[in-house]
Amino acid sequence: MGDKPGQKSQVKENAPTKVTVGVSTDSGTEVASKTEKPDWKTALDHYENLGKTSKKPRPPKPQFAITIAVSSRALFDMVDEQKIYTEDGLEKYVHFQQNHENEPLPPGSAYPFVKALETVNERLRKMYPDSEELFDIVLMTNNHAQVGVRLINSINHYGLTIERFCMTGGKSPVGYLKAYHTNLYLSADSEKVQEAIAEGIAAATMFSGKKSITFSDQQLRVAFDGDAVLFSDESEQIVKEQGLDKFFEHEKLNENLPLAQGPLKCFLEALGKLQRKFYAKDERLDCPIRTYLVTARSAASSGARALKTLRDWGLEIDEALFLAGAPKGPILEKIRPHIFFDDQMFHIEGAQQLGTIAAHVPYGIGQKYNKSTPKEQAPPKEQAPPKA
């Protein structure tokens, strides 16, 4: 029955609306009907409910998440594929990837770190089911889209929750990092890492350990160097240019003056933000995130300024290890971090030898004295697609 004159149809808000249209023809009037598309709010509501109806968790909103952008060659071991590209060219490289797209790629240097991030997310989702403050892993690569199927199949094979991809087809992905709200960028390509740091984004070049060790599957462990990593390189400049005695004198004189921030300070800050969510639930002793300061500084001579700087920033570090110039490798072997950040390649190499996954931060005056790639691991000159 039609509506009475002067009355409106009762249409449920946001429901699709049926519209009747009369079309005049020679034989009379034909009646056609069409259904209008749901409005934007309906579409948004549908998106919001996806995570509630799917067994697989939906990625958090980028503006609230801690976004970790990882390159394909950091997440997976693609040494053989890189060799094909270098020796045989792009077309054969893409052809090889397509022919082997059902064969999962082996885990790469960043894989244990990514798995540990997802472990933290599981705990957070149980405690805060509606929270968007989670880690969000983005695959950021300049591989071509034709290679994407193998990357997707590999991610699904290992059960990783990586839904956001950026495949730039030979162009540098660094320009997209800010658009993806990136908090940390990990890559196997030191040039891309340097570009990211120049843009003000925390970034590091990944290196695998030289021997196999096991990592905690219950707790994310992150180790940081101090100078030129968490802090600026201002004190390190004095060491390089004026020597240790002047450095100790400078640090004592400026003990109560906080150091300027370094490129990884913001990532430690993000970790601390998530740690406090566990502390709020009385889970400090069972927190799945643990942070370490592993520095060559001496405690008595220059340690106070480092600790006071962290205090001034309102940041906590779970363990502080002052080594007074001793090798870091043995300490890191005991800690077994999922990732260790340092600006000096000789510390990276020493950590590698004992199995630590290390991330080189190419920042500060130390880069004038050290190469960004270990000699024994220096790859051939990279070209567009496999760079990531």
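Here is what the cut-offs are and how they apply
- Residues numbered from 1 in each chain as written.
- Predicted model: local features only at pLDDT ≥ 70, side-chain atom pairs only at ≥ 80, totals over all residues.
- Heavy atoms only, no water.
- Helix = DSSP H or I, 4+ residues; strand = E, 2+ residues; numbered from the N terminus.
- Expected span 1.5 Å × (residues − 1).
- Buried < 20%, exposed > 50% of the residue type's maximum accessible area, 1.4 Å probe, protein only.
- Arc of directions from axis to C-beta.
- Contact = heavy atoms within 4.5 Å.
- Axes fitted to C-alpha atoms, helices over the stretch in contact; angles between N-to-C directions.
- Parallel < 35°, antiparallel > 145°, perpendicular 65-115°, else oblique.
- Left-handed = near helix turned anticlockwise from the far one by under 90°.
- Nonpolar A, V, L, I, M, F, W, Y, C, P; charged D, E, K, R; others polar.
- Salt bridge = Lys/Arg side-chain N within 4 Å of Asp/Glu carboxyl O.

1. A short note on helix α5 (residues 111–127)
Next up, step 1: With 17 residues, α5 should cover 24 Å at 1.5 Å per step; its first-to-last C-alpha distance of 25 Å lies within 8% of that length.
Next up, step 2: Taken together, the buried positions of α5 are occupied by Tyr111, Pro112, Phe113, Val114, Ala116, Leu117, Glu118, Val120, Asn121, Leu124 and Met127.

2. Structural notes on helix α13 (residues 345–353)
Next up, step 1: Buried residues of α13: Met345, His347, Ile348, Ala351 and Gln352, and no others. Projected onto a plane normal to the axis of α13, the buried residues spread over an arc of 160° and lie on a single side.
Next up, step 2: Buried residues along α13 sit in contact with β7 (203–207), α12 (329–335), β11 (339–342) and β12 (358–360).
Next up, step 3: Phi for Gly355, located one or two positions after α13, is positive at around 100°.

3. Focus: the packing of helix α3 (residues 79–88) against helix α4 (residues 90–99)
Next up, step 1: Interhelical geometry of α3 versus α4 gives an angle of 150° and a closest axis separation of 7 Å. Here α3 lies roughly antiparallel to α4, going by the angle between them. Regarding α3 and α4, the two cross each other, and that crossing is right-handed. Facing α3, whose interface residues are Glu81, Ile84, Tyr85 and Asp88, α4 presents Leu90, Lys92, Tyr93, Phe96 and Gln97.
Next up, step 2: A per-class count over the contact of α3 with α4 returns 5 nonpolar, 1 polar and 3 charged.

4. Considerations on the pattern of salt bridges
Oppositely charged side chains can pair when the atoms bearing their charge come close.
Next up, step 1: Under the criterion given, the structure shown has 22 salt bridges.
Next up, step 2: In this structure, the salt-bridge partner of Glu199 is Lys178, at a minimum N-O distance of 3.9 Å. Taken together, the residues span a long stretch of sequence, with Glu199 in the loop between α7 (190–198) and β7 and Lys178 in the loop between β5 (164–167) and β6 (182–187) at a distance of 21 residues.
Next up, step 3: Residue Glu199 is classed as partly exposed on the basis of its relative accessible area of 44%.
Next up, step 4: Put simply, Arg284 and Glu316 hold a salt bridge, and the shortest N to O gap is 3.3 Å. Highlighted residues: Arg284 in the loop between α10 (265–279) and β9 (289–295) and Glu316 in the loop between α11 (299–313) and β10 (319–322), separated in sequence by 32 residues.
Next up, step 5: Of the residues examined, Glu316 reaches a relative accessible area of 45% and is grouped as partly exposed.
Next up, step 6: One salt-bridge network, held together by shared partners, links Asp227, Glu234, Glu251, Arg297 and Arg305.

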